[in-house]
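A look at the structure
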Amino acid sequence: MQYCFYYDESEHSRVINLSTVTGETYYDGFLAAIIGWRSDHETAFEQRYHAFEEKYADRKKKGELKSGTIKPKQLVHGFASLNEANVKLLGDFFSIFDENSYIYLFCASKIEYVITQIFKGYRNSVFFDMDAARYSIVKAIVTYRPTEVIESLYKSPAEFVAALMTFLTNRISRNKENRELKAQENTAFEAVLYVLNNVDVPQSLAWDYHLQFVGFGNFLSSKGILDYSVLLDKEGEAGAESKTLIAAKEASLKNCEEADSIDHFGIRMADMLVGIIGKLMKSLYHSLTPTQDSPRIAKTLLSKEWFRLTDGQLQLYKQLFHIVFEINNDWYKVYAGNYSDDLVSFLGLLDFMNHFNSAKDIEQDFDMQPEYCNSCICQRLETHFEQMKNKLPVEPVKDQEKGFFRNRRGAKVYHDVDRQPILELTKGKNAFVVLSVGIAKGGIPLVTVEASPENLCYRLPVQLNEWAMTLVSMANTGEDLFPAEVIFTKAENRIYADII
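What you see is a predicted model, and the numbers here were worked out from it, not measured in a lab. (Residues numbered from 1 in each chain as written. Predicted model: local features only at pLDDT ≥ 70, side-chain atom pairs only at ≥ 80, totals over all residues. Heavy atoms only, no water.)

1. Considering helix α2 (residues 42–55)
Rules: Helix and strand definitions here come from DSSP, where helices need a minimum of 4 consecutive H or I residues and strands a minimum of 2 consecutive E residues; each element is numbered from the N-terminal end. The length a helix should cover is 1.5 Å for every residue beyond the first. For the exposure calls, accessible area comes from a 1.4 Å probe over protein chains only, and a residue counts as buried if that area is under 20% of its type's maximum, exposed if over 50%, partly exposed in between. When we speak of the arc, we mean the arc of directions from the helix axis to the C-beta atoms.
Between its first and last C-alpha, α2 extends 20 Å over 14 residues, near the 20 Å set by a 1.5 Å rise per residue. What α2 keeps buried is the set Glu 42, Phe 45, Tyr 49, Phe 52 and Glu 53. All buried residues of α2 project into a common sector of 100 degrees when viewed along the axis, lining one side. For α2, the exposed residues set more than 90 degrees away from the buried face come down to Gln 47 and Glu 54.

Here is the structure:
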């Protein structure tokens, strides 16, 4: 079965430079949305969207109805700021999506991309989590917007390191005003200060267009979608492939083309969805971010205005929750970089609002709703940070109906571990090229070895459980020792393993 997908993006910066980052309208988040459906559902979606556009024909500009019809100031307190007409418009738009829809969302930090380039020579190790360090640096810059640090990004490595170290040192000192609230931040900043020794600023800083398509490729694979087309909103000069299209092809997406949104309703739908989400996330960011000259260290809560909702406004949150969380849900449906606090906060807001049945439920304990919402968002952020510590890849499981799936080395791994063959070892030394080591349910150690015509996965003797657990733990901190040759030695009552 063939599928049709449509791509658009929001809050993009074609070039990342000092004027971009310090501009009044700058927002650190870059968002992309890809929506689609099976080709035999295309006509039904087109008819619904055209009916929606005609209902609001007076909102069109240059013949198109797009997300620009909702202005940022109309979402300053989220959906609570919308007037009745805009509530009706968004409710009608969200209603177009149904269970036949496929929605993929991507969010990245522009500052994270810059920081990743600067620290590209650093790697995770057993002793230090560089992903966490990058996260801490990005979070500090995005949250506090220190002008001297941002400006130094575009001067020299020495100036950047000096400015960043000065800023972090000052923040650590200031955070001591509230040790309980800022203890974790200070620990993270102290770790960053420890590794700020040698950095190289790249010669140019431009947006990397690949990551959103890598995530979408994973989404397609997870859903088992092989026959598809992707239509992107045309950017740049006519007759020339845009950097976005080139990146999509380089990310191994098939049947990708560009087109004018006025000719394709699916691109306009993608624009409307990603534009509304982008504006909502931007308002949420500004509402939750303290000013740099804040007089004291304290929690930053959403104002009560975010929670003065009518039933219609609350229903918008519930509709958007259904679109983002429930319709054709998948691990890769929402894809982001390491620093994705704005996205996680947005998802937390949707989750919080969705549990209310009516606006009256919010009114019952109205004064405490900002605190309750903050707890919901903080819990999601904590979960995200724990997931970020996990360096092991998450891969879609296929062929479940056959009782097994293939791991990333192509070997069969049975869901019932008792069906997994045992690695037969003769007395003395046994040499294998080991591609990976893992742990199955029940703590049973597994090893994937190089073989022909296909690699093979075996159960290891339980005596090697501790050895396997140690290697998995090392891989989970970024120190993966495989592929490597391993000598398994079978003695009288023991089995030993040595990595060569």
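2. Examining the pairing of strand β11 (residues 445–449)
Formally: When DSSP locates at least two bridges between a pair of strands, those strands are taken to pair.
Counting buried positions over the 5 residues of β11 gives 5, a clear majority of the element. Going residue by residue along β11, you find Pro 445, Val 447 and Val 449 tucked away on one face and Leu 446 and Thr 448 tucked away on the opposite face as well. Two strands pair when backbone bridges link them, and strand β10 (residues 428–439) and β11 are joined in this way by 5 bridges, in the antiparallel orientation. Paired with Val 434 across the two strands is Val 449, which belongs to β11. Taking the residues that link successive antiparallel strands as the turn, the β10-β11 hairpin has 5 residues, and the phi of Gly 442 there is positive, at about 85 degrees. Pairing analysis gives 4 bridges linking β11 to strand β12 (residues 456–459), with the strands arranged antiparallel. From the neighbouring strand, Thr 448 faces β12, where its bridge partner is Cys 457. Between β11 and β12, which pair antiparallel in sequence order, lie 6 residues.

3. A closer look at the packing of helix α3 (residues 84–94) against helix α11 (residues 265–288)
Defined as follows: For helices, the fitted line uses only the C-alpha atoms of the stretch in contact; every axis is such a line through C-alpha atoms, and the angle between N-to-C directions lies from 0 to 180 degrees. Angle categories: roughly parallel below 35 degrees, roughly antiparallel above 145, roughly perpendicular from 65 to 115, and oblique for all the rest. Crossing handedness is defined as follows: a turn of the near helix away from the far one that is anticlockwise and smaller than a right angle gives a left-handed crossing, while the clockwise case is right-handed. Residues are treated as being in contact if the distance between any of their heavy atoms lies within 4.5 Å. Only Asp, Glu, Lys and Arg are considered charged in this grouping, and only Ala, Val, Leu, Ile, Met, Phe, Trp, Tyr, Cys and Pro are considered nonpolar; every other residue, Gly among them, is considered polar.
It is the contact of α3 with α11, at a shortest axis distance of 11 Å, that shows an interaxial angle of 125 degrees. As judged from the angle between their axes, α3 and α11 are oblique. For the element pair α3 and α11, the recorded crossing hand is left-handed. In this structure, α3 contributes Leu 90, Phe 93 and Phe 94 to the contact, and α11 contributes Met 269, Met 272, Leu 273 and Ile 276. The residue inventory of the contact of α3 with α11, partitioned by class, reads 7 nonpolar, no polar and no charged.

4. Observations concerning the sheet that holds strand β14 (residues 495–499)
Pairing within the open sheet is antiparallel, and its 5 strands lie in the order β12-β11-β10-β13-β14. Among the strands making up the open sheet, the edge pair consists of β12 and β14. Ignoring strand direction, the axes of neighbouring strands in this sheet form an average angle of 45 degrees. Bridge count between β10 and strand β13 (residues 484–490): 7 bridges; the pairing is antiparallel. Looking at β13, one finds that Asn 430 is bridged to Phe 488. Helix α16 (residues 465–476) contacts β10, β11, β13 and β14 of the sheet and is inclined by roughly 50 degrees relative to β10.

5. So, the nonpolar core
Quick note on the threshold: Buried Ala, Val, Leu, Ile, Met, Phe, Trp, Tyr and Cys residues that are joined via side-chain atoms within 4.5 Å together make up what is termed a nonpolar core.
Judged by nonpolar contacts, the single largest core of 97 residues is most densely connected at Phe 79, Phe 93, Phe 94, Leu 320 and Phe 346. For this core, the element with the highest residue contribution is α11, accounting for 13 residues. Setting aside anything within four residues of it in sequence, one finds Phe 93 in contact with Tyr 49, Phe 52, Met 269, Met 272 and Leu 273. Counting residues in each nonpolar core, the second largest holds 27 residues, with Ile 34, Phe 216, Leu 232 and Ala 247 among its members.

Don't take any of this as a statement about function, it's just geometry.
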